[in-house]
Amino acid sequence: MLKEILRKTDDELVAIGEQYRKFYSSNIESFKIEYEDYFNTSKKNISLIVSDYIKIYQLFGYNEDEISTFIREKLTSFYLFNISNLIINREEFAIYSFIDIFYCDPLFFKNKESLIVFFEVTYPILLLKTEDMSSFIAIACMRYIAILGSEKEGKIFLEKYLNENKSGAYIEDVEEEL
């Protein structure tokens, strides 16, 4: 059924999304199996995979229940494992999409250890050349800076940025967060 959900348009999902949520909330193990099966066997390009992750999060991931926790853990794991390649390959919309979700939903990094890893692996986006940067990366950087500024552990990365980049694109924003 998960494959069927992912084939639907956003408008269709708005109309029937709650039905799917109710079904899977009472059949969490079925959801987990379908989820794992779909993403482990999917051979799509990265943009489509990210789009599917986002769609599933938008449908099921915004609460504090078991299904939402599962989805957050999977999204976080996917991001942390793939962010280096996303940066190297300039998958700018994918980077923006994940950081936007992390920025909007503080439940993603309740575990301080994964928060620190997030800070470390995401830091290189601040170092991308600004001449050929899309607005997606610029917005992602601004949100990442805000996330850093909201956490004591993040301040270290803001100070690192200031020390390493005397004329970086985000100096004013970083100083504001400190």
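Higher on the page you've got the structure.
Let us look at the structure shown here. (Residues numbered from 1 in each chain as written. Predicted model: local features only at pLDDT ≥ 70, side-chain atom pairs only at ≥ 80, totals over all residues. Heavy atoms only, no water.)

## Section: the packing of aromatic side chains
The tally for this structure, following the rule as stated, stands at 31 aromatic pairs. The interplanar angle of 55° and the centroid separation of 5.5 Å between the aromatic rings of Tyr-79 and Phe-98 together place this pair among those described as tilted. A residue pair is termed long-range when its members are at least 10 positions apart, and Tyr-79 in helix 5 (residues 66-88) and Phe-98 in helix 6 (residues 92-104) qualify at 19 residues. Comparing Tyr-79 with Phe-98, the two get one shared label, buried. Lying across the ring of Phe-108, Arg-72 places its NZ or CZ 5.9 Å from the centre. Its end group placed over the ring of Tyr-123, Lys-160 keeps NZ or CZ at 4.5 Å from the ring centre. (Phe/Tyr/Trp six-rings, centres within 6.5 Å; stacked < 30°, edge-to-face > 60°. Helix = DSSP H or I, 4+ residues; strand = E, 2+ residues; numbered from the N terminus. Buried < 20%, exposed > 50% of the residue type's maximum accessible area, 1.4 Å probe, protein only. Lys NZ or Arg CZ within 6 Å of the ring centre and 35° of its normal.)

## Remarks on the pattern of salt bridges
Tallied over the entire structure, the rule returns nine salt bridges. In this structure, Lys-112 and Glu-151 form a salt bridge, with 2.7 Å as the shortest nitrogen-oxygen distance. Within this pair, whereas Lys-112 is found in helix 7 (residues 112-122), its partner Glu-151 is found in the loop between helix 8 (135-149) and helix 9 (154-164), the two being separated by 39 residues in sequence. We classify Lys-112 as partly exposed; its relative accessible area is 40%. Note on Glu-151: relative accessible area 23%, which makes it partly exposed. Beyond isolated ion pairs, a larger network of salt bridges with shared partners links Glu-29, Lys-32 and Glu-66. (Salt bridge = Lys/Arg side-chain N within 4 Å of Asp/Glu carboxyl O.)

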